[in-house]
Amino acid sequence: MNKKQILLYSVLILAGGIAGYLYWNFIGCQTNTCPITSTWYKSTAVGGILGYLSGDTINNIISKKKEKETSQSTNN
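Remember, it's a predicted structure, so these values are computed and weren't measured experimentally.

Undergrad: Any details on the packing of aromatic side chains? Residues and values, ideally.
TA: On inspection of all chains with the given rule, the structure shows 4 aromatic pairs. Ring geometry for Tyr9 against Tyr52: centres 5.1 Å apart, planes inclined by 25°, an arrangement best described as stacked. In this pair, Tyr9 sits in helix 1 (residues 3-26) while Tyr52 sits in helix 2 (residues 40-75), placing the two residues 43 residues apart along the sequence. Exposure remark for Tyr9: the relative accessible area of 6% places this residue in the buried category. Ring geometry for Trp40 against Tyr41: centres 5.8 Å apart, planes inclined by 90°, an arrangement best described as edge-to-face. Connected via pairs of aromatic rings, a cluster forms that spans Tyr21, Trp24, Trp40 and Tyr41.

Undergrad: Now, about the state of the cysteines: what can you tell me, with residues and values included?
TA: By the definition in use, this model includes 1 disulfide. Between the sulfur of Cys29 and that of Cys34 lies a disulfide, 2.2 Å long from S to S. Around the S-S axis, the bridge from Cys29 to Cys34 shows a dihedral of about 75° and counts as right-handed. Cys29 gets classed as buried once you look at its relative accessible area, which sits at 11%.

Undergrad: Outline helix 1, supporting the account with residue identities and numerical values.
TA: Across its 24 residues, helix 1 extends 34 Å between first and last C-alpha, which sits within 8% of the 34 Å expected from 1.5 Å per residue. The distance from a side-chain oxygen at the start of helix 1 to the backbone nitrogen of Lys4 is 3.2 Å, and the residue carrying that oxygen is Asn2. Once helix 1 ends, the next one or two residues include Gly28, with phi positive near 50°.

Undergrad: Report on the side chain of Asn59, specifying residues and quantitative values.
TA: With respect to the helices and strands, the residue Asn59 is situated in helix 2. In this structure Asn59 touches Gln5 and Tyr9, once residues within four positions along its chain are discounted.

Undergrad: Account for a nonpolar patch on the surface, naming residues and giving values.
TA: Taken together, the side chains of Leu14, Ile18, Tyr21, Leu22, Tyr23, Phe26, Ile27, Trp40 and Tyr41 define a hydrophobic patch exposed on the protein surface, amounting to about 980 Å² of accessible area. Those elements that place two or more of their residues in the nonpolar patch are helix 1 and helix 2. Considering each element in turn, the nonpolar patch owes the most residues, 6 residues, to helix 1. Position of Ile18 among the secondary structure elements: in helix 1.

The rules behind these values
- Residues numbered from 1 in each chain as written.
- Predicted model: local features only at pLDDT ≥ 70, side-chain atom pairs only at ≥ 80, totals over all residues.
- Heavy atoms only, no water.
- Phe/Tyr/Trp six-rings, centres within 6.5 Å; stacked < 30°, edge-to-face > 60°.
- Helix = DSSP H or I, 4+ residues; strand = E, 2+ residues; numbered from the N terminus.
- Buried < 20%, exposed > 50% of the residue type's maximum accessible area, 1.4 Å probe, protein only.
- Disulfide = S-S within 2.5 Å.
- Expected span 1.5 Å × (residues − 1).
- Polar contact = N/O pair within 3.5 Å; in protein donor to acceptor, adjacent residues only side chain to side chain.
- Contact = heavy atoms within 4.5 Å.
- Patch = residues over 30% accessible without salt bridge, like charges linked within 9 Å, V, L, I, M, F, W, Y side chains within 5 Å.
- Areas by Shrake-Rupley, 256 points an atom, 1.4 Å probe, with all protein chains shown as cover.
- Salt bridge = Lys/Arg side-chain N within 4 Å of Asp/Glu carboxyl O.

This is the structure in structure tokens:
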């Protein structure tokens, strides 16, 4: 994993965590019976995990695109 990928994952995990916290703060669970959004730390953790997964998806798309471009340039 290179520095660009680490930075991408770090930024998206942080953004996901912030989004999870904001979701808990402004929307959350009014009855405290929701398993994920009833506490700030669970909501923040789930947001961070979703940030990581979105980063992984973006990284896979970029890698496949670069791989396709490389294979096309070597075939010509």
